[in-house]
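For reference, the chains in residue letters:
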Amino acid sequence: MNKVGVIGWPVDHSLSPVMHNAAFAALGMTDWFYDKMAIPPDIVGLSLRELRDHGFTGINVTVPHKQAVMRYVTADERAQAIGAVNTIDFRANVGTNTDVSGFMDDLAAHGVEIAGQNVIVLGAGGAARAAVYGLAQAGANVAIVNRTPEKTEQLISDLGVDAMPMTFEKAAKGKAALIVNCTSVGMYPKIDDSPWTDEVPFPPRVTVYDMVYRPQTTKLMRQAEANGGRAIGGLGMLVRQGAAAFSIWTGQEAPVDVMFAALEEALKENSG
Ligand code: ATR
């Protein structure tokens, strides 16, 4: 049996087992299994050793362990730049971050142009790091708006990329083509919240990418559509970061459509 899985604390909410096991089933990979493991922070190092010793091929890493595991694996360039590992391959003991490619692949799948475009990133946490890194590398002019400006400064200096801290008011006037929500605002159950405050006019004809996928259509996405723009939800990013991990472990191309359908089904069952 080839074992993979996800570690987190808590980890119950993770949808990764659903999409990976659906992918294994669809490809007839009956000797693969994706497990979900609740690991408290004080035993992360020990757990990694145990999992490796018990023959796990690799794992995903979720909150709050994405930084902590970096001490125990060789973080590749991307993971080092972002300061977080979300995927480990135990065979090489290498950690990478597939959130960047998950996000960028999903933008590409939706035909969203990046190079030379003005992009507003909302948020300066872990998800924003992956977005800013990918967007800056793809040649976007990135403006970052965050509730806590010091975190924006820290993000820019850590990533070493060319991005601008900005206020909502200034960003709104900057002719952005794309707004990316990397905050948790609007997430179930507070579905009537939006990270774009009512006091600032919403830019017309902009594309919104909302990393929130629960609900699948957020208030921010409705604001974009109401102003003649386009809205893309974050489910595709979740699928594609998983697809990238799947390929690292199995050496096979992931069945993205199967994974997407499995997630949609699971989300239907889960109210939000
Ligand atoms: P993740 O790893 O998902 O990015 P995170 O690191 O906790 O999670 O980051 C969450 C982001 O959402 C942060 O930028 C946070 O703003 P602060 O840096 O000011 O904490 C932002 N965020 C969360 N709740 C928010 C709210 N109610 N209003 C505005 N921003 C919010």
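Starting afresh in each chain, residues are numbered from 1 along the sequence in its written order. Local features in this predicted model are restricted to residues whose pLDDT is 70 or higher, and side-chain atom pairs enter the listing and the counts only when it is 80 or higher, whereas totals over whole chains, interfaces and linings include all residues. Calculated side-chain values reflect all of the structure's heavy atoms, with hydrogen atoms and water omitted.

### Quick look at the sheet that holds strand β6 (residues 94-96)
So the rule is basically this: Note on pairing: DSSP must find at least two bridges between two strands before they are called paired. Strands here mean DSSP runs of E at least two residues long; helices mean DSSP runs of H or I at least four residues long; both are numbered from the N terminus. By the convention used here, residues are in contact when the closest approach between their heavy atoms is within 4.5 Å. To obtain each axis, a line is fitted to C-alpha atoms, and for helices this fit is confined to the stretch in contact; angles are then taken between N-to-C directions over 0 to 180 degrees.
In space, the six strands of this open sheet follow the order β2-β1-β3-β5-β6-β4, with mixed pairing throughout. Since the sheet does not close on itself, it has two edges, and those belong to β2 (32-38) and β4 (74-75), each with one partner. Relative to strand β3 (residues 56-61), strand β1 (residues 2-8) runs parallel, the two sharing five bridges. If you follow Val6 over to β3, its bridge partner there is Asn60. Helix α2 (residues 44-53) contacts β1, β2, β3 and β5 (87-89) of the sheet and is inclined by roughly 145° relative to β3.

### What to know about the sheet that holds strand β8 (residues 141-145)
Pairing between the strands of a sheet comes from backbone hydrogen bonds, and it takes one of two forms, parallel or antiparallel. Strand order in the open sheet formed by six strands is β9-β8-β7-β10-β11-β12, with parallel pairing between adjacent strands. Both outer strands of the open sheet, β9 (163-165) and β12 (230-233), are each paired with one neighbouring strand and no more. With strand direction ignored, the average angle separating the axes of adjacent strands in the sheet is 20°. The pairing of strand β7 (residues 118-122) with strand β10 (residues 178-181) spans four bridges and is parallel. Paired with Ile120 across the bridge in β10 is Ile179.

### A short note on helix α4 (residues 99-109)
As a reminder of what qualifies: Burial here depends on accessible area, computed with a 1.4 Å probe over protein chains only, as a share of the maximum for the residue type. Under 20% is buried, over 50% is exposed, and the range in between is partly exposed.
Where burial is concerned, most of α4 is hidden: eight out of the eleven residues are buried. All of the buried residues along α4 are Asp99, Val100, Ser101, Gly102, Phe103, Met104, Asp106 and Leu107. Against the buried residues of α4 lie α3 (77-82), α5 (126-137), β10, β11 (207-210), β12 and α9 (235-250). One or two positions beyond α4, positive phi appears at Gly111, with a value near 70°.

### A closer look at the packing of aromatic side chains
The condition is simple: By convention, a stacked pair of Phe, Tyr or Trp rings (six-membered ring in the case of Trp) has centres within 6.5 Å and planes under 30 degrees apart, an edge-to-face pair has planes over 60 apart, and any other such pair is tilted.
Using the criterion set out here, one finds six aromatic pairs in the structure. Consider the rings of Tyr34 and Trp249, whose centres lie 6.1 Å apart with planes at 50°: the pair is tilted. Of this pair, Tyr34 sits in strand β2 while Trp249 is found in helix α9, placing the two residues 215 residues apart along the sequence. Judged by its relative accessible area of 1%, Tyr34 falls in the buried class. Members of the aromatic cluster, joined through ring pairs, are Phe24, Trp32 and Phe246.

### So, the environment of Glu264
Topologically, Glu264 is positioned in helix α10 (residues 256-269). By relative accessible area, Glu264 is classed as partly exposed at 30%. When the C-alpha atoms of Glu264 and Val94 are compared, they prove to be 31 Å apart, with 170 residues separating the residues in sequence. Residues in contact with Glu264, not counting those within four places in the same chain, are Gln216 and Leu235.

### Focus: the site of the ligand
Here is the rule we go by: In this text, near means that some heavy atom of the residue lies within 4 Å of the molecule or strand in question. Under the rule applied, a polar contact is a pair of N or O atoms within 3.5 Å (in protein, one hydrogen donor and one hydrogen acceptor; residues adjacent in sequence only if both atoms are side-chain atoms). Following the grouping adopted for this structure description, the nonpolar residues are Ala, Val, Leu, Ile, Met, Phe, Trp, Tyr, Cys and Pro, the charged ones are Asp, Glu, Lys and Arg, and the polar ones are all others, Gly among them.
Around the ligand sit 13 residues, and of these Ala124, Ala127, Asn146, Arg147 and Thr148 come closest. Within the backbone of Gly125, an N or O atom sits 3.5 Å from an oxygen atom of the ligand. Taking Arg147, its side chain carries an N or O atom lying 2.9 Å from an oxygen atom of the ligand. Here the shell around the ligand is built from residues that sort into four nonpolar, seven polar and two charged.

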